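Coordinates in review
The residues making up each chain are set out below.
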Amino acid sequence: MTTTAGSDVHERLTALAERQIAAGEVRGAAAVDTVNLPMIRHWVDAMGDANPVYTDADLAAGTVHGEIVAPPAMIQVWTMAGVKGEMGPGPITPVLDMLDAEGFTGVVATNCEQTYHRYLRLGERVEPSTRLTGLSGPKTTALGAGYFVTWMITWYVSEEPVAEMMFRVLKFRPWEEKPAPGKRDPYPLRPAVNRDTAFFWEGATEGELRIQKCGDCGKLRHPPGPFCPSCRSLNRTYVVAAGAGEVFSFVVHHNPPVPGPRAPFVVAVVALPEGVRIVGNIIDCPPEQVTIGMPVQVTYRDMDDDLTLPMWAPREV
């Protein structure tokens, strides 16, 4: 599709956004399943949440809840659309589709704020309602020029609001950066590198899996951060991990399309024997053969002339 002049695109996009905002809240399809214990068990296992009020009926009966409740942070899980988009389009879709059609194909989440009004209980069925709340732009960012799109989702049980989420994304036109003569095109998905994380990416370039270590209490942590969550020390160093691990949890990404990797691809949480977990892609293995507990070994891929990513391949045991 040929992109029209910038002012015309802006006017049409703004007019569409104003119509969608004026439409107000649009109810979506109710969750396919009611709040249920099997899904809660899967979620808390993946997240490492050991609070027994979510899974132990006898213990939960003695709490203020009187029964098992679902973790509040699961709220989006109950009505999340599948690969085929079973939940149907919402009021945000026309705006995002127009941005895509006009070349604003890059997307990055910028803000997400959730508010929980109460815990969900087993057997309740959740229904989402979505409204577009804002379109801001065009803005020039380090990623490219684009628009910030903001919407609000409210989840209901019958007519009672139980949770809300404000979500904002930047839809941008990626800069058409031409590599210097003799250099490869830059990989489109680049990590944020700052003074807290630079040591990790420098290690990847050198073929080392570096894990941040507190310089005072010695506790390891990942992802890296400015201070130790255990003793609050700002003194930090790192250790080089052996590079072996096992798949703790994983997803197979089919949609939406993202620049760089070709779908389907596997993104896994890998548990290291050093006691931390790390996120990375599983490679050299068909997605249908990846399993929880599968032994893996770190390997390094040069994505362009400046970026090396640690990835994980099956390991012989």
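Scroll up to find the structure.
Residues numbered from 1 in each chain as written. Predicted model: local features only at pLDDT ≥ 70, side-chain atom pairs only at ≥ 80, totals over all residues. Heavy atoms only, no water.

Gly-137 connects to Pro-138 through a cis peptide bond whose omega is 0 degrees. With respect to the secondary-structure elements, Pro-138 resides in strand 5 (residues 127–140). The residue after Ala-263, namely Pro-264, is reached through a cis peptide bond having omega 0 degrees. Relative to the assigned elements, Pro-264 resides in the loop between strand 11 (244–253) and strand 12 (265–271). With a phi angle near 60 degrees, Ser-158 is a residue other than glycine that sits in the positive phi range. Here Ser-158 shows up in the loop between strand 6 (144–157) and strand 7 (160–174). Phi at Arg-232 takes a positive value of approximately 70 degrees, unusual for a residue other than glycine. Locating Arg-232 in the fold gives a position in the loop between strand 9 (220–221) and strand 10 (236–240). Judged by relative accessible area, Arg-232 falls into the exposed class, the value being 55%. (Helix = DSSP H or I, 4+ residues; strand = E, 2+ residues; numbered from the N terminus. Buried < 20%, exposed > 50% of the residue type's maximum accessible area, 1.4 Å probe, protein only.)

Once that is clear, we can look at the pairing of strand 13 (residues 277–282). Along a regular strand, successive side chains alternate from one face of the sheet to the other. Summarising the sheet, strand 12 and strand 13 pair through 6 bridges and their orientation is antiparallel. Opposite Val-270, over in strand 13, you have Ile-278 as the bridge partner. Counting the residues between successive antiparallel strands, the hairpin from strand 12 to strand 13 contains 5 residues, one of them, Gly-275, with a positive phi of roughly 105 degrees. (Pairing = 2+ DSSP bridges.)

With antiparallel pairing, the 5 strands of this open sheet are ordered in space as 1-5-6-7-3. Each of the sheet's edge strands pairs with one partner strand only, and the pair in question is strand 1 (26–27) and strand 3 (106–116). The sheet contacts of helix 4 (residues 93–101) involve strand 5, strand 6 and strand 7, and relative to strand 6 the element is tilted by about 160 degrees. (Contact = heavy atoms within 4.5 Å. Axes fitted to C-alpha atoms, helices over the stretch in contact; angles between N-to-C directions.)

A separate point is the pattern of salt bridges. If you walk through the whole model with that rule in mind, you get 12 salt bridges. With its nearest N and O atoms 3.2 Å apart, the salt bridge here joins Arg-27 to Glu-159. Taken together, the residues Arg-27 in strand 1 and Glu-159 in the loop between strand 6 and strand 7 connect sequence positions 132 residues apart. Glu-208 is the salt-bridge partner of Arg-210, the closest N and O atoms lying 2.9 Å from each other. The buried category is assigned to Arg-210, whose relative accessible area is 6%. Residue class for Glu-208 comes out partly exposed when judged on its relative accessible area of 26%. One salt-bridge network, in which partners are shared between bridges, spans Asp-8, Arg-12 and Glu-102. (Salt bridge = Lys/Arg side-chain N within 4 Å of Asp/Glu carboxyl O.)

An order of 9-8-10 is seen for the 3 strands of this open sheet, with the pairing classed as antiparallel. Of all the strands in the sheet, the pair left with one neighbour each is strand 9 and strand 10. Examined bridge by bridge, strand 8 (residues 210–214) and strand 9 share 2 bridges and lie antiparallel to one another. Among the inter-strand pairings, Lys-213 is bridged to a residue of strand 9, identified as Leu-220. Here helix 5 (residues 198–205) sits on the sheet in contact with strand 8 and strand 10, set at roughly 145 degrees to strand 8.

Before going further, it helps to spend a moment on the packing of aromatic side chains. Within the structure shown, the criterion is met by 4 aromatic pairs. With 5.4 Å between their ring centres and 50 degrees between their planes, Trp-151 and Phe-167 make a pair best called tilted. Placement of Trp-151 in strand 6 and of Phe-167 in strand 7 is noted, with a sequence separation of 16 residues between them. Positioned over the ring face of Phe-104 is Arg-173, at 4.1 Å from the centre of the ring. (Phe/Tyr/Trp six-rings, centres within 6.5 Å; stacked < 30°, edge-to-face > 60°. Lys NZ or Arg CZ within 6 Å of the ring centre and 35° of its normal.)

Keep in mind these values describe shape, not function.
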